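The chain contents come next:
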Amino acid sequence: MNQTTTTVVTSTVPPASPKAAAQDNDLMHRASFSDWLMLTKPEITFLVTISALAGFLLGSSDVMNWPVLAYTLIGVALSSAGGAVMNHVIERRFDADMRRTADRPIPTGRISATSATWYGLALIGAGLGILCPLTNPLTGVLAALTVLALVVVLLWTDGSRQPEEVRPEAIAAEPDLTTVEDELLAVEPLAPETGPES
């Protein structure tokens, strides 16, 4: 009668506790202040606000209305920041496929698309809520049309464009700058030319 022997192989690595796994997952998806700030594209928002300041100064009379200027800059900055957040939301599929933008808050999951959408709408609403009653309705309408045009263009191009750099084969073909730098450093310098011995 044949006797079958069963060998049980056990792992020496202790399994992670549910609490530790939950902490790691929470840490991975925890959004910091810089993540929320990144969504507003502060560099672009700053340039838009400076442009609004220049336009206000050029169109002002001799007497400067400082409160209206402050409301204008704050409202424009908030509206521009909200539009930038919506840009991140709409472009998240492309951002996740590109090496340069794959670490942004939405593609990495640190901020969900839903939370970012509400964040962007809140910024836009706050900006328009300042511009319309505290500056003049025309300024608020122009800001709203600008943000709306941005969102419409992004939505229209999102489904039609297929940029070269977001395809996997294009990502694989991107040069590794570190490797290129190592190869350049590995090249031996040319020996200096010497004249004929006398």
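All of the points below concern the structure found in this document. Just so it is clear, the structure is predicted and the values come from calculations on it, not from any experiment.

**Here we look at the overall build of the protein**
- For the protein, the count of helices and strands is 10 helices and 0 strands.
- Secondary structure elements of the protein occur, N-terminal to C-terminal, as α-α-α-α-α-α-α-α-α-α.
- Considering the protein as a whole, with its 198 residues, one finds that 26% of them fall into the buried category.
- Long-range pairs, those at least 24 residues apart, make up 72% of the contacts in the protein between residues at least 6 apart in sequence.
- Roughly 14,100 Å² of accessible area belongs to the protein as shown, and the carbon and sulfur atoms make up 65% of that amount.

**Side note on the side chain of threonine 45**
- Tracing the backbone through its elements, the reader meets threonine 45 in helix α3 (residues 42–59).
- Aside from chain neighbours lying at most four places away, what touches threonine 45 is Thr40, Ala77, Ser80 and Ala81.

**Structural notes on unusual backbone geometry**
- With a phi close to 50°, lysine 41 is a non-glycine residue in the positive phi region.
- Overall, the relative accessible area of 19% leaves lysine 41 in the buried class.

**Comments concerning the packing of helix α4 (residues 66–90) against helix α7 (residues 113–134)**
- Packing of α4 against α7 brings their axes to within 7 Å, and their N-to-C directions diverge by 155°. Of the possible angle classes, the one that applies to α4 and α7 is roughly antiparallel. In this structure, the crossing between α4 and α7 has a hand that is left-handed.
- Taken together, the residues of the contact of α4 with α7 sort by class into 20 nonpolar, 8 polar and no charged.

**Regarding the pattern of salt bridges**
- Evaluated as defined, the whole model comprises 3 salt bridges.
- A salt bridge links aspartate 35 to arginine 110; the shortest N-O distance between them is 3.0 Å. With aspartate 35 in helix α2 (residues 33–39) and arginine 110 in the loop between α6 (105–108) and α7, this pair connects stretches of sequence that are 75 residues apart.
- Here arginine 110 falls in the buried class, since its relative accessible area comes to 17%.
- We note a salt bridge from arginine 110 to aspartate 103, for which the minimum N-O separation is 3.7 Å.
- When salt bridges with common partners are traced through the structure, they connect Asp35, Asp103 and Arg110 into a single cluster.

What counts and how
Residues numbered from 1 in each chain as written. Predicted model: local features only at pLDDT ≥ 70, side-chain atom pairs only at ≥ 80, totals over all residues. Heavy atoms only, no water. Helix = DSSP H or I, 4+ residues; strand = E, 2+ residues; numbered from the N terminus. Buried < 20%, exposed > 50% of the residue type's maximum accessible area, 1.4 Å probe, protein only. Contact = heavy atoms within 4.5 Å. Areas by Shrake-Rupley, 256 points an atom, 1.4 Å probe, with all protein chains shown as cover. Axes fitted to C-alpha atoms, helices over the stretch in contact; angles between N-to-C directions. Parallel < 35°, antiparallel > 145°, perpendicular 65-115°, else oblique. Left-handed = near helix turned anticlockwise from the far one by under 90°. Nonpolar A, V, L, I, M, F, W, Y, C, P; charged D, E, K, R; others polar. Salt bridge = Lys/Arg side-chain N within 4 Å of Asp/Glu carboxyl O.

None of this, on its own, says anything about what the molecule does.
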